Amino acid sequence: MKLCALLGITYPIVQGGMIWASGPALAAAVSNAGGLGLLGSGSMTPESFTAALVETRRLTDRPFGVNVPLLYSHAGEVLDLALAAGVRLFFTSAGNPAKTTPRLKAAGATVVHVVSTPRLAKKCQDCGCDAVVAEGFEAGGHNGRDELTTLVLVPQVVDAVTIPVLAAGGIGDGRGLAAALSLGASGVQLGSRFAACRESGLHERFKQAIVAAAPEDTRLILRKLVPVRCLRNAFVERILQAEERGASGEELLTLLGRQRSRLGMLEGELEEGELEIGQISGLLRDLPTAGEIVTALVRDYERVRGSLPVLHA
Ligand SMILES: Cc1cc2nc3c(=O)[nH]c(=O)nc-3n(C[C@H](O)[C@H](O)[C@H](O)COP(=O)(O)O)c2cc1C
């Protein structure tokens, strides 16, 4: 497959970059299993990012990539550090790819950007991206403003560009993988499924909350600022109530405060922390290893592919 050749992997399965969750242990485990692991730099300082790169290289000799959410103030510094350290595979997100892609391409890197509309996918292609991740409204973490679901978004992105498209948002098993490839995607990026696994860096209490969650337990909050999908808790309820009464962006920022995601996702404060996770958490009932997840995805995909009905008589 073109995408596997582009990324140097066996299976077209990417573990999305995830703040607090995707450190060296997770990224290396996914790459060792034949998928592509991504180091999530969003929750790292430049110093801890450099240490994470060294550790990931110790844990795997397979290709892995770096996710850089462009909205963070230290994104430019992380990109410089990564380039200087020899990283040549970047998944950028949450920002303007036209500002960063030409520089990365000039350094010989492969660049994939996360999009939420066909229009943005076209823009990525025009500024030199090698592939895009089309991420639907179901997804955990930061979300597009247009609220297009994966089922609607992926085929329209596939039609809008000629570069490979990875589908993301709501994929949790081989059925989801088969559905995404049926929509024309060349591969998939999974977040929530890998967030709930043994090598994920999330706090154990948060992992247990994910596998106990019902499908309707997530909410999209902070639409006025940067929309983010989280598990419902006291913090989310407060934000939702404020949004309902038309709170300003400034008031929402005050309610959000600082270090919410660290509090919830790393420190395991389940009521007052921000707990980013997708709608597919309702399907997740176990905490396997990342390697077991990749193996099951491939096995179950093959089963689904072989069991699709023939529609003509
Ligand atoms: C806990 C968590 C943290 C995330 N953090 C990031 C991030 O730092 N950068 C990013 O580009 N996407 C982030 N995402 C989105 C994922 O990379 C991925 O695209 C998304 O989770 C796919 O949808 P799914 O959760 O339905 O699998 C995060 C998702 C989760 C669940």
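On a predicted model such as this, the values are computed, not experimentally measured, just so you know.

Cut-off values and rules
Residues numbered from 1 in each chain as written. Predicted model: local features only at pLDDT ≥ 70, side-chain atom pairs only at ≥ 80, totals over all residues. Pairing = 2+ DSSP bridges. Helix = DSSP H or I, 4+ residues; strand = E, 2+ residues; numbered from the N terminus. Axes fitted to C-alpha atoms, helices over the stretch in contact; angles between N-to-C directions. Contact = placed C-beta atoms within 7 Å. Core = buried A, V, L, I, M, F, W, Y, C linked by C-beta atoms within 7 Å. Buried ≥ 20, exposed ≤ 12 C-beta atoms within 10 Å, placed from the backbone. Domains from an automatic or database assignment. Nonpolar A, V, L, I, M, F, W, Y, C, P; charged D, E, K, R; others polar. Near = placed C-beta within 6 Å.

Here we come to the sheet that holds strand S3 (residues 64–69). Strands sit in the order S1-S9-S8-S6-S5-S4-S3-S2 across an open sheet of 8 strands; the sheet is parallel. What marks the edges here is a single partner per strand, and that holds for strand S1 (13–15) and strand S2 (37–40). Direction aside, neighbouring strands of the sheet carry axes that sit 25° apart on average. Where strand S6 (residues 131–135) meets strand S8 (residues 165–168), 4 bridges bridge the pair, whose relative direction is parallel. Following the sheet pairing, valine 133 is matched in S8 by leucine 166.

Another point: the sheet that holds strand S7 (residues 141–142). Two strands in a sheet stick together by hydrogen bonds in their backbones, pointing the same way (parallel) or opposite ways (antiparallel). With antiparallel pairing, the 3 strands of this open sheet are ordered in space as S7-S11-S10. One side of each edge strand has no neighbouring strand; the edge strands of this open sheet are S7 and strand S10 (218–221). Across 4 bridges, the pairing between S10 and strand S11 (residues 228–231) is antiparallel. Its bridge partner lying in S11, isoleucine 221 is registered against valine 228. Relative to S10, helix H11 (residues 234–244) is tilted by about 45°, and along the sheet it contacts S10 and S11.

Among the secondary structure elements, glutamate 274 is positioned in the loop between helix H13 (260–266) and helix H14 (290–307). With 145 residues separating them along the chain, glutamate 274 and cysteine 129 place their C-alpha atoms 31 Å apart. Aside from chain neighbours lying at most four places away, what touches glutamate 274 is Cys230, Phe235, Arg260, Ser261 and Gly264.

With that out of the way, let us pick up the nonpolar core. Formed by 93 residues in total, the largest nonpolar core has its most connected members in Val132, Ala134, Val157, Val165, Ala167 and Val188. Shared between two domains, this core takes at least three residues from each, and those domains are domain 1 (2–201 + 283–307) and domain 2 (214–280). Look past the residues within four positions of valine 165 in its chain and what remains in contact with it is Ala131, Val132, Ala134, Val154, Val157, Val158, Gly184, Ala185 and Ser186.

This next bit is on the domain arrangement of the protein chain. Split by domain assignment, the protein chain resolves into domain 1 (2–201 + 283–307) and domain 2 (214–280). Contact with domain 1, which involves 20 residues of that partner, is made by 14 residues of domain 2. Within the residue set of the side of domain 1 that touches domain 2, elements represented by two or more residues are S7 and helix H9 (192–195). The leading source of residues in the side of domain 1 that touches domain 2 is H9, at 3 residues. Counted by class, the side of domain 1 that touches domain 2 contains 8 nonpolar, 9 polar and 3 charged residues.

Taken together, 30 residues lie near the ligand, and Gly16, Gly140, Gly141, Gly191 and Gly278 sit nearest. If you list the elements that add at least two residues to the shell around the ligand, you get S3, strand S9 (187–190) and H9. In terms of residue count, H9 provides more of the shell around the ligand than any other element does, 3 residues in total. Taken together, the residues that form the shell around the ligand break down as 12 nonpolar, 14 polar and 4 charged. When residues of the shell around the ligand are assigned to domains, at least three map to each of domain 1 (2–201 + 283–307) and domain 2 (214–280).

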